[in-house]
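Structural characterization, general
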Amino acid sequence: MNCKLTVSTEKVISKIDKRLYGSFIEHLGRAVYGGIYEPTHSTADKDGFREDVKELIRDMQVPIIRYPGGNFVSGYNWEDGTGDKSKRPKRMELAWMTIETNEVGIDEFQDWAKQTGSEVMMAVNLGTRGPEEARNLVEYCNSTTPTYYADMRRKNGFEEPFGIKLWCLGNEMDGPWQICHKTAEEYARIACETAKVMKWVDDSIELVACGSSGKDMPTFGIWEETVLRECYEHIDYLSLHSYYGNRDNDTADFLASSMDMNAFINRVVGICDKIQAEKKSDKQINLSFDEWNVWFHSNEQDKEIPKWTIAPHQLEDVYNLEDALVVGTLLITLLKHSDRVKIACLAQLVNVIAPIMTEENGKVWKQTIFYPYYHAMRYGQGTALDVVCDCESYSTAKHSDIPYVEAIATINEKEDELTVFAVNRSMKDSCPLSLSLDKEVSFLEHLVVTGDDVKAVNSAEEEKITESKRNDGDDIVLPPLSWNVIRFKLV
Ligand code: AHR
């Protein structure tokens, strides 16, 4: 097997919005409590946040982090997480059936995010609450007026506004599991009115309306059309969510998950453009894929978690090599659609279906999926280039014409670098890569994530799946079951 990859620097898909590499921290499981925040940890800062976790996230340069949910946000009173910590209420948290202590809230989180160099993408509660609480939160976060909520922020010790620019109008409101789930019409109305008042408080913010929480939702399509027809001129992005899993233990098929993501994006783009035409509008709605990942390993064990505990081990998927390869192909797919997908969030960042795991009073360690995410974020900046990937393909019961090699190229004009990202899906064959480039380049390095055991996982004790370097610049080979980052300097 071999692959001929033709890269032309003239074939531009789009400038890559750096928010394509966002992530997500929800008040769920040990993401916040026991994840980023552990006051008794040896590295805890004066506010109780772990310095070791902060340092890793700072080093990754995660551009934007969605907060505080997720399903959690649909029952959340944002005021609970502000001001004097000793007065904050403990609440029954109905999304995940736990106790929320509110030790961490928007006051602390935005401060923490500033320290990690990440922007906050804030979600408002359109489940139990509505426009009033949402516009108050915008005032609290962003306003400089001498008015109640801006003053409340000042009283809480924050003279300067937080300056939060990107906001989600609720979360997965199409899902019956959502606290105060809504029909498309109900959601479209409340999202529209909430969008208006939020932008009246701060017209510099951008808004993401809920699309479907999966392309197999029964309301998919109708939901998007209804929401767009009602909210078109008041919103900036429409969201997509999708999780993938190898439930049938069929690796060849699981490795084709990115084809489902690709189809999902194409259909939502089609709907956005149809409504644009219908409205005869000059405005284009772009996409925010603000929850995506592999999620299935922890489903069964999560059913055993007793109700009303604080920060239980919840959604703690332990990822293996095949999961990392799927994450790699999903990142490539997002890049291929970077003309329309401007924001995407790997869900989530710490402990909960996450690339980063923490031990209580112990270390922080990297899951297998950390590597493709980190590499794409670090080396996939600048402009995405369309490539022609000529290789063999295979079929499974659910997917046909799956190319063995999935690839994309990016050019970073600031660094004068060109990077090829490629996944070899073949389970047995190495794949020599013949690269045809229209620019003179010199080889920098070839980073590879691979292994003999597709089910191998990392742990606090041992990181079996990590990156290695190959010096095969003149003769690049993609090993079977591998994620590859091939970096060149433009000469
Ligand atoms: O990321 C975990 C959960 O998945 C989120 O809370 C929800 O939005 C989605 O269903």
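As the structure is a computational prediction, the values presented were derived from the model and not from experiment. (Residues numbered from 1 in each chain as written. Predicted model: local features only at pLDDT ≥ 70, side-chain atom pairs only at ≥ 80, totals over all residues. Heavy atoms only, no water.)

So, the site of the ligand
Near the ligand there are 13 residues, and of these Glu26, Asn71, Glu172, Tyr243 and Glu291 occur at the shortest range. Side-chain polar atom of Glu26 to an oxygen atom of the ligand: 2.6 Å apart, as the coordinates give it. The side chain of Gln348 places a nitrogen or oxygen atom 3.0 Å from an oxygen atom of the ligand. Relative to its free-state accessible area of 280 Å², the ligand is covered by the protein chains to the extent of 96%. Among the residues forming the shell around the ligand, the class breakdown is six nonpolar, four polar and three charged. (Near = heavy atom within 4 Å. Polar contact = N/O pair within 3.5 Å; in protein donor to acceptor, adjacent residues only side chain to side chain. Areas by Shrake-Rupley, 256 points an atom, 1.4 Å probe, with all protein chains shown as cover. Nonpolar A, V, L, I, M, F, W, Y, C, P; charged D, E, K, R; others polar.)

Structural notes on the packing of helix H5 (residues 184-201) against helix H6 (residues 222-231)
The N-to-C vectors of H5 and H6 enclose an angle of 30°; their axes lie 9 Å apart at closest approach. Judged by the inter-axis angle, H5 sits roughly parallel to H6. Between H5 and H6 the crossing geometry is right-handed. Along the contact surface, H5 presents Ala184, Glu185, Tyr187, Ala188, Arg189, Ala191 and Cys192, while H6 presents Trp223, Thr226, Val227, Glu230 and Cys231. (Axes fitted to C-alpha atoms, helices over the stretch in contact; angles between N-to-C directions. Helix = DSSP H or I, 4+ residues; strand = E, 2+ residues; numbered from the N terminus. Parallel < 35°, antiparallel > 145°, perpendicular 65-115°, else oblique. Left-handed = near helix turned anticlockwise from the far one by under 90°. Contact = heavy atoms within 4.5 Å.)

So, the sheet that holds strand E3 (residues 64-67)
Reading around the circumference, E2-E3-E6-E7-E8-E9-E10-E11 is the order of the eight strands in this closed barrel, with parallel pairing throughout. Going from strand to strand, the sheet's axes swing by 30° on average, the running direction of each strand aside. Pairing geometry for strand E8 (residues 206-209) and strand E9 (residues 237-244), over two bridges, is parallel. Among the inter-strand pairings, Val208 is bridged to a residue of E9, identified as Tyr237. Sitting on the sheet, helix H10 (residues 321-336) touches E9, strand E10 (286-294) and strand E11 (341-347), and the angle it makes with E10 is about 175°. (Pairing = 2+ DSSP bridges.)

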